[in-house]
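For reference, the chains in residue letters:
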Amino acid sequence: MSIFDLFRKKEAPVAAEPVSEPSAADAIRALVRNEIALTPDADTDARPDGSKIGGLPYLPADFTWPTFTDGDGQTRPLSFFCQIDLTGAKPYDRDNLLPAHGLLVFFYDCESFRWGFDPTDKGAARVFYFPDTVGFAPCTLPEGLYEGHIMPELALTFAARASYPAFEELEMHSDLCCDWEAYEAALAQLGIDAEAEMQGHKLLGYANVIQGEMLTECERVTRGYGCGSPADYQATPEAARAQIRQHAADWLLLLQLDTIEKDDFQWMFGDCGMLYYYIRKQDLAAGNFGSGWFSMQCY
C-alpha cells in the first residue's frame, strides 16, 4: 500500500437490509397442524365396524366392559361414546400420526361427570386400541348402564383441515407475545373464523379450548398432582413444576367430542362443553393408547 492510499476517500458502507420481525400471522401459520374433522351423518346407517358415535361398540367376544368407581364407592359401567376405524381415517391423517389399521374405542362415565382435574379421576375416561378386529362383533351393552347415558348411533365422515392453537395454548408452542386482539387479527389474516373453530368433533390437531390450556393439566395430574385450583399449583414442589413445564408440550389432542344430538336426544358436556382425550407424542407413536388422560371443559 502506497502513502497515497491513506488519503483516498473511503466508500460509504452499504447499509444492511433491516430484518423485520415475523408477524403474528406468520408465527401462527408456522404452528399449523392437521386435524381430522368428524361430522355425524344421521341419514347414513353406521357399519358395525365403522367409525361412529354411540350405538353398540365393535369388540372382541372376551372384552371386559370398563367400569369406574367414584368417591362414594359406587361402581358402574362407562358409556360407549365413539369408535374410529383407523383404516378409514388414515387417508386424512396428513401428519401421519395414527396407526394405519385397527380400531380406537372411547368410553366415559356420564354419571360422575369427572373433569379430569384430579388424579382420582383416573378410569373415568378410557381408550382402547385394537390393531385388528378379526373375530369382533357388536357388543351387548352391560347391565346397570342408565338408558339416558346410551349415545345414539351416528355414522361419522372425515375431512382433513388446518388446525391452529387456541390463544390460551399459544405460549405452549411459541415465543410469540401478543394479546387477544392481535391474535384474533392474525387469525383473520389467515382466513380463520375463530368462532367457527370453537366447535365440532375431531381427531388430532389443537383443542378448541374453552377455559384454559390443558397440556399442563394432563402432565400435572398424571404425575399425581391435582390442578383444580391455584392452591393445587402452589402446593406442587418447585422441582415438579419445572418437570411439568418441560414435559407439558409432549401432550397431543387425540379426540375432541362436542354435543351429541340425534332426533330428540341431546348429550351435552356441562354447559355447551366438550370432552377431550389427550395422549403423549411418544405413546401415540408406540400405539400405547391406554396411558393418556382426559379433560372436560364447558362455559
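One structure accompanies this document, and this report is about it. (Residues numbered from 1 in each chain as written. Predicted model: local features only at pLDDT ≥ 70, side-chain atom pairs only at ≥ 80, totals over all residues. Heavy atoms only, no water.)

Take the overall build of the protein chain next. Scanning the protein chain from terminus to terminus reveals 8 helices and 16 strands. Taking 299 residues into account, the globule formula puts the C-alpha radius of gyration at 19 Å, and the protein chain, at 24 Å, lies well above it. Along the first, second and third principal axes, the C-alpha atoms of the protein chain reach 105 × 45 × 35 Å. Looking at the protein chain alone, contacts between residues at least 24 apart form 75% of all its contacts between residues at least 6 apart. On the protein chain, roughly 15500 Å² of surface is accessible, and the fraction owed to carbon and sulfur atoms is 51%. Each charge class in the protein chain was averaged separately, 22 positive and 46 negative side chains, and the resulting centres sit 9 Å apart. (Helix = DSSP H or I, 4+ residues; strand = E, 2+ residues; numbered from the N terminus. Rg over C-alpha atoms; globule rule 2.2 N^0.38 Å. Contact = heavy atoms within 4.5 Å. Areas by Shrake-Rupley, 256 points an atom, 1.4 Å probe, with all protein chains shown as cover. Lys, Arg positive; Asp, Glu negative; His and termini not counted. Charge placed at Lys NZ, Arg CZ, Asp CG, Glu CD.)

Below, the discussion takes up the side chain of aspartate 70. Structurally, the position occupied by aspartate 70 is in the loop between strand S4 (67-69) and strand S5 (75-77). Among the residues examined, aspartate 70 registers a relative accessible area of 15% and is labelled buried. Within polar-contact distance, the side chain of aspartate 70 engages the backbone nitrogen of glutamine 74 at 2.9 Å. (Buried < 20%, exposed > 50% of the residue type's maximum accessible area, 1.4 Å probe, protein only. Polar contact = N/O pair within 3.5 Å; in protein donor to acceptor, adjacent residues only side chain to side chain.)

Looking at the element boundaries, alanine 239 is found in helix H7 (residues 238-247). What makes alanine 239 exposed here is its relative accessible area of 59%. Residues alanine 239 and phenylalanine 68, spaced 171 residues apart in sequence, show a C-alpha to C-alpha distance of 32 Å.

Reading across the sheet, the 10 strands line up as S8-S7-S6-S2-S10-S1-S11-S12-S15-S16 and stay open at both edges, with antiparallel pairing between neighbours. Because the sheet does not close on itself, it has two edges, and the strands there are strand S8 (125-130) and strand S16 (293-297). Where strand S7 (residues 103-108) lies against S8, 6 bridges are found, and the strand directions are antiparallel. Each bridged residue has a counterpart across the sheet, and for leucine 104 the counterpart in S8 is tyrosine 129. Strands in contact with helix H5 (residues 215-222) are strand S12 (251-257), strand S15 (274-280) and S16; relative to S16, the strand with the most contacts, it is inclined by about 130°. (Pairing = 2+ DSSP bridges. Axes fitted to C-alpha atoms, helices over the stretch in contact; angles between N-to-C directions.)

Let us look at the pairing of strand S11 (residues 201-204). Relative to S11, strand S1 (residues 33-41) runs antiparallel, the two being bridged by 4 bridges. By the bridge assignment for S11, glutamate 35 is matched with leucine 204. Pairing of S11 with S12, which is carried by 2 bridges, proceeds in the antiparallel orientation. Each residue of the ladder has a partner; that of lysine 202, found in S12, is glutamine 256.

Once that is clear, we can look at the pattern of salt bridges. Two side chains bearing opposite charge may form a pair once their charged atoms approach each other closely. For the coordinates displayed, the defined rule picks out 15 salt bridges. A salt bridge links aspartate 93 to lysine 90, with the nearest nitrogen and oxygen atoms 2.9 Å apart. With respect to burial, aspartate 93 and lysine 90 carry one shared label: buried. Arginine 114 is paired through a salt bridge with aspartate 121; the nearest N and O atoms lie 2.6 Å apart. Summarising the burial analysis for this pair, arginine 114 and aspartate 121 share the class buried. (Salt bridge = Lys/Arg side-chain N within 4 Å of Asp/Glu carboxyl O.)

The next point concerns the pairing of S12. In regular strands, side chains alternate between the two faces of the sheet. Most of S12 sits out of view: 7 of its 7 residues are buried. In this structure, S12 lies alongside S15, joined through 6 bridges in antiparallel fashion. Bridge assignment links leucine 252 to a residue of S15, and that residue is isoleucine 279.

Counting 66 residues, the largest nonpolar core has Phe81 and Ile84 as the members making the most contacts within it. What phenylalanine 81 contacts, discounting residues up to four positions off in sequence, is Lys52, Ile53, Gly54, Phe106, Tyr108, Cys110, Met151, Leu257, Ile260, Trp267 and Phe269. Among the nonpolar cores identified, the runner-up in size contains 11 residues, and Leu31, Cys178, Leu187 and Tyr206 belong to it. (Core = buried A, V, L, I, M, F, W, Y, C linked by side-chain atoms within 4.5 Å.)

What follows is about H5. The buried fraction of H5 is high, at 7 of 8 residues. Within the sequence span of H5, burial applies to Leu215, Thr216, Glu217, Cys218, Glu219, Arg220 and Val221. Of the residues flanking the end of H5, it is glycine 224, one or two places downstream, whose phi is positive at about 100°.

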